[in-house]
Amino acid sequence: MDSLKLEIVTPQGLIFQGEVKSVTFPGEEGEFGVLPRHASLLALLKPGVIEIEKIDGNKESIVINWGHVKVGEQGATALVDGAIPLEGASESEIAKKIEEAKELIEKASENKAALAAVEARIEKAAKII
Amino acid sequence: MANLKEIKRKIGSVKNTQKTTRAMKLVSTAKLRRTEELAKRSRSYEEAINQTMSEIASSIRKYKVGGIQGRYFEESELPAVVDIIFITADKGLCGGFNFQTIKTVRNLIADYEKRGSKVRLKAIGKKGIEFFRFQGYPLESAVVGLSSSPDYKRAAQFIETTVQEFLEGESDKVVLVHNGYKNMITQEMKQIDLLPIDITAFKDVEVTSMMELEPDEGEKVLESLINKYIEFNMYYALIDSLAAEHSARMQAMDAATKNAKEMVEKLTISYNKARQESITTELIEIISGMEAMK
């Protein structure tokens, strides 16, 4: 089974690190997916959701506000300003994370339409969990 | 007799000071641990961004793709205007911590001025600001409160204006001076040339394929990445400086506590001596009085 190494870091610390099956980034010019052995790429990211498909098939979503991603043959490294993983042990915890994520997005973007789209994505991602 | 009372009062005051210094040491130790943790977490970002920058620098070198032009990478032989950013603490009582930075900055100023460059100072931290204001140096900007609680947003805002001025040609070089944390007992002066970026400093990384950029205008991607890199360097310097400050204060307070202890011991000895002396005098008085009565 092919996998790629994914690393998501913020100035405040490491958010995610591990081998994943695939990952989708919210690129400045549209969303794009990355599979193992992707060509080298450096892309700007806009506020949105990074969707990760782990080796075991489980999905994880991380909300980000802004950043870069560098994709190489060995893996992908995302350097982001702020990130909130949508996960938690209980429903109330997840609800809190969603609130935080929305706040993060609101601060990062002034475009109302884009904001609404991202919020919808967050809700959707949260439902999957 | 008055002497006895005085010594006793002195002992009391030294003991009180000792209590304060000991408490300050404990506080610094705890804060140092927290700052160290913060620095450790930032280090993974540092590694990632350095790695990315090296890869870009390597591919620029290998494929000679554009983006290398522009002020970010242009090293001028003799900078006409140099911006010196320096970080000191907001509080004192940390040994030579603040003064070391100030001394380095003064040497730098003298050095650049001798070579004919104009120096502009940008200060972070109350102690440095106070010193240079008192000396009559003009400060281009002064920020208080950032060095005691590093905040990424504020650090980014601070450096943004500097970068903007650099890009507009108001300054030709940006140097960052701060005291860095080495380990629990040593600090070291760090002097970083923030701008222009020296791409030869990045180590060569094996690049196997041409890197694609998205959005297509490579300049935009590169520019925002460079901005990020500089912002992060600024933020990291603040954390590093804070850790160094706490370790310096810890040491200074430890030494102060020790000195206070020694002083109490000395004072106690002289107190005992004085007490004995007064007893002896009293005894002599009594005895000689009795002798006279005979």
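Keep in mind that this is a model prediction, so the values were computed, not measured.

A.B. asks: Explain the overall build of chain A here, please?
C.D. replies: Of regular secondary structure, chain A possesses two helices and nine strands. Order of helices (α) and strands (β) in chain A, N terminus to C terminus: β-β-β-β-β-β-β-β-β-α-α. For chain A, the C-alpha radius of gyration of 14 Å lies close to 14 Å, the compact-globule estimate for 129 residues. Over its C-alpha atoms, taken along the principal directions, chain A stretches across nearly 35 × 30 × 25 Å. Across the 129 residues in chain A, those meeting the buried criterion constitute 41%. Considering only intrachain contacts with a sequence separation of at least 6, the fraction spanning at least 24 residues in chain A is 51%.

A.B. asks: Teacher, can you tell me more about the interface of chain B and chain A here?
C.D. replies: A common way to express how large an interface is: the accessible area buried when the components associate. Counting from both sides, the interface comprises 22 residues of chain B and, opposite them, 21 residues of chain A. Of the residues forming the side of chain B that touches chain A, the biggest block, seven residues, is contributed by helix α1 (residues 2-63) of chain B.

A.B. asks: What is the right way to look at the domain arrangement of chain B in this model?
C.D. replies: Residues and elements named next belong to chain B. For chain B, the assigned domains read domain 1 (2-25 + 252-293) and domain 2 (29-250). Contacts between the two partners involve five residues from domain 1 and, on the opposite side, seven residues from domain 2. Mapped onto the side of domain 1 that touches domain 2, the elements with two or more residues apiece are α1 and α5 (218-293). The element contributing the most residues to the side of domain 1 that touches domain 2 is α5, with three residues.

A.B. asks: Help me out: how do you make sense of the confidence of the model for chain B in this one?
C.D. replies: Atom-level detail of predicted coordinates should not be read off regions where pLDDT is low. With 89% of its residues at a pLDDT of 70 or more, chain B shows a mean pLDDT of 85. Across the assembled chains, the prediction reports ipTM 0.77 with pTM 0.83.

A.B. asks: It is not clear to me how the nonpolar core should be interpreted in this structure. Could you clarify?
C.D. replies: Grouped burial of nonpolar side chains is what soluble globular proteins tend to show. The biggest cluster of nonpolar side chains holds 90 residues, and the ones touching the most others in it are I50 and V63 of chain A together with L238 of chain B. The element contributing the most residues to this core is α5 of chain B, with 19 residues. Ignoring anything within four residues of it in the chain, the contact list for I50 of chain A reads I8, V23, T24, F25, P26, I62, I64 and A78 of chain A.

A.B. asks: I'm lost on the environment of T24 of chain A in this one. Help?
C.D. replies: Residue and element names in this part refer to chain A. You can see T24 is positioned in strand β2 (residues 13-27). Judged by the 16 C-beta atoms lying within 10 Å of it, T24 falls in the partly exposed class. Along the backbone, T24 and K59 are 35 residues apart, and their C-alpha atoms lie at a distance of 11 Å. Excluding residues within four positions of it along the chain, T24 makes contact with E31, G33, I50 and E51.

A.B. asks: Honestly, the pairing of strand β5 (residues 48-54) of chain A in this entry has me stumped. Any pointers?
C.D. replies: If a strand is regular, its side chains alternate between the two faces of the sheet. Residue and element names in this part refer to chain A. A large share of β5 lies buried, amounting to five of its seven residues. Where β2 and β5 come together, four bridges link them in antiparallel fashion. Bridge pairing links S22 to E53 in β5. Two strands pair when backbone bridges link them, and β5 and strand β6 (residues 59-64) are joined in this way by six bridges, in the antiparallel orientation. Across the sheet, G48 pairs through a bridge with I64, a residue of β6. The antiparallel pairing of β5 with β6 creates a hairpin that spans four residues between the two strands, and G57 there sits at a positive phi of about 90 degrees.

A.B. asks: Honestly, the packing of helix α2 (residues 97-114) of chain B against helix α3 (residues 126-135) of chain B in this entry has me stumped. Any pointers?
C.D. replies: What describes two packed helices is the angle between their axes and the distance between those same axes. All names here are of chain B. Closest axis-to-axis distance for the α2/α3 pair is 10 Å, and the angle between their directions is 50 degrees. Considered as vectors, α2 and α3 are oriented oblique to each other. For the element pair α2 and α3, the recorded crossing hand is right-handed. Each of N98, T101 and I102 in α2 lies in contact with α3, whose residues at this interface are K127, G128 and F131. Residues of the contact of α2 with α3, tallied by class, amount to two nonpolar, three polar and one charged.

A.B. asks: What exactly am I supposed to notice about helix α4 (residues 152-167) of chain B here?
C.D. replies: Since one α-helical turn is 3.6 residues long, residues separated by three or four positions face the same way. Residue and element names in this part refer to chain B. Its 16 residues place the ends of α4 22 Å apart at the C-alpha level, agreeing with the 22 Å of an ideal helix rising 1.5 Å per residue. Looking only at α4, the buried set comprises Y152, A155, F158, I159, T162, V163 and F166. Directly beyond the C-terminal end of α4, a positive phi value near 90 degrees is found at G169.

Conventions we followed
- Residues numbered from 1 in each chain as written.
- Chains lettered and ligands numbered in written order.
- Predicted model: local features only at pLDDT ≥ 70, side-chain atom pairs only at ≥ 80, totals over all residues.
- Helix = DSSP H or I, 4+ residues; strand = E, 2+ residues; numbered from the N terminus.
- Rg over C-alpha atoms; globule rule 2.2 N^0.38 Å.
- Buried ≥ 20, exposed ≤ 12 C-beta atoms within 10 Å, placed from the backbone.
- Contact = placed C-beta atoms within 7 Å.
- Domains from an automatic or database assignment.
- pLDDT = per-residue confidence, 0-100.
- Core = buried A, V, L, I, M, F, W, Y, C linked by C-beta atoms within 7 Å.
- Pairing = 2+ DSSP bridges.
- Axes fitted to C-alpha atoms, helices over the stretch in contact; angles between N-to-C directions.
- Parallel < 35°, antiparallel > 145°, perpendicular 65-115°, else oblique.
- Left-handed = near helix turned anticlockwise from the far one by under 90°.
- Nonpolar A, V, L, I, M, F, W, Y, C, P; charged D, E, K, R; others polar.
- Expected span 1.5 Å × (residues − 1).

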